[in-house]
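So you can see what is in the structure, the chains are spelled out below.
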Amino acid sequence: RVAQVLIVFMLTSQTTAALFCTPENLPTHFAYAEWFTPFGQPEANHGLYRISRLVCNGERLASIIEISDIRRSVHLIPKFGPVAPREWTSGTVLELCSTLFVNSFSDRHAYLTII
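Procedures and definitions
Residues numbered from 1 in each chain as written. Predicted model: local features only at pLDDT ≥ 70, side-chain atom pairs only at ≥ 80, totals over all residues. Heavy atoms only, no water. Pairing = 2+ DSSP bridges. Helix = DSSP H or I, 4+ residues; strand = E, 2+ residues; numbered from the N terminus. Axes fitted to C-alpha atoms, helices over the stretch in contact; angles between N-to-C directions. Phe/Tyr/Trp six-rings, centres within 6.5 Å; stacked < 30°, edge-to-face > 60°. Buried < 20%, exposed > 50% of the residue type's maximum accessible area, 1.4 Å probe, protein only. Core = buried A, V, L, I, M, F, W, Y, C linked by side-chain atoms within 4.5 Å. Contact = heavy atoms within 4.5 Å. Patch = residues over 30% accessible without salt bridge, like charges linked within 9 Å, V, L, I, M, F, W, Y side chains within 5 Å. Areas by Shrake-Rupley, 256 points an atom, 1.4 Å probe, with all protein chains shown as cover. Salt bridge = Lys/Arg side-chain N within 4 Å of Asp/Glu carboxyl O.

Chemist: Is there a simple way to explain the sheet that holds strand β3 (residues 49-51) in this structure?
Modeler: By way of backbone hydrogen bonds, the strands of a sheet pair with one another, either parallel or antiparallel. Overall, antiparallel pairing links the 3 strands, which are arranged β3-β8-β7 in an open sheet. Strands with a single pairing partner mark the edges of an open sheet, and in this sheet they are β3 and β7 (76-78). Within the sheet, the average angular offset between the axes of one strand and its neighbour, ignoring direction, is 35°. Relative to strand β8 (residues 100-102), β7 is paired through 3 bridges, and the arrangement is antiparallel. When the sheet's bridge partners are listed, I77 is paired in β8 with F101.

Chemist: Please explain the packing of aromatic side chains as it appears in this structure.
Modeler: The description of two aromatic rings rests on the distance between their centres and on the angle between their planes. Counted under the stated rule, the structure contains 3 aromatic pairs. Between F9 and F30, the aromatic rings sit 6.0 Å apart at their centres with planes inclined by 25°, giving stacked as the arrangement. Of the two residues, F9 sits in strand β1 (residues 3-10) while F30 sits in strand β2 (residues 29-35), which places them 21 residues apart along the sequence. Judged by its relative accessible area of 9%, F30 is buried. Relative to Y49, the ring of F39 has its centre 4.7 Å away and its plane inclined at 20°; by these criteria the two rings are stacked. You can see F39 sitting in the loop between β2 and β3 and its partner Y49 sitting in strand β3, a full 10 residues away along the chain. Looking at F39, the relative accessible area reads 34%, which means it is partly exposed. Y49 gets classed as buried once you look at its relative accessible area, which sits at 12%.

Chemist: Sorry if this is basic, but what is going on with the nonpolar core here?
Modeler: Side chains that are nonpolar tend, in soluble globular proteins, to be buried together. Of all hydrophobic cores here, the largest spans 9 residues; its members are V2, F36, I51, L76, W88, V93, C97, L100 and V102. Non-local contacts of L100, meaning those with residues more than four positions away in its chain, are made with F36, Y49, R50, I51, L76, I77, P78, K79 and L94.

Chemist: Where do I start with a nonpolar patch on the surface in this structure?
Modeler: There is a patch of nonpolar side chains on the surface, built from V5, V8, I67 and I70 and spanning about 280 Å² of accessible area. Tracing the backbone through its elements, the reader meets V8 in strand β1.

Chemist: Even after reading the chapter, I still don't get the sheet that holds β2, so can you show me in this structure?
Modeler: Ordered in space as β1-β2-β6, the 3 strands form an open sheet in which the pairing is antiparallel. This sheet does not close on itself; its edge strands, each paired only once, are β1 and β6 (62-66). On average, each strand axis in the sheet is tilted by 25° relative to the strand beside it, whichever way the strands run. Judged from the 5 bridges that link them, β2 and β6 form a sheet pairing that is antiparallel. Residue pairing in the sheet places A31 in a bridge with I65 of β6.

Set out below in structure tokens:
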């Protein structure tokens, strides 16, 4: 699954003790991540997987995950028509674009793990 990591953080020992019954076995580093839809079938023309934000009741689905659950980064390509919207920049495109493609051809490891 693909998620956008928005922040990486750690919990203090006091917070861990307050939140969990057995804090001695818990990881210390976490990430807040917003999820994209699961992979369906790859697009016929180029073989890339189409994803979009996963939304539940009008809100983006998000989770707190352990850093150890993050496997790799992926390259996302925005889906646009003949012209890319001017308001899309490298800093805004993930927020403004409704559909993206996962680039499984970005490197050998991506090709072998995504496909």
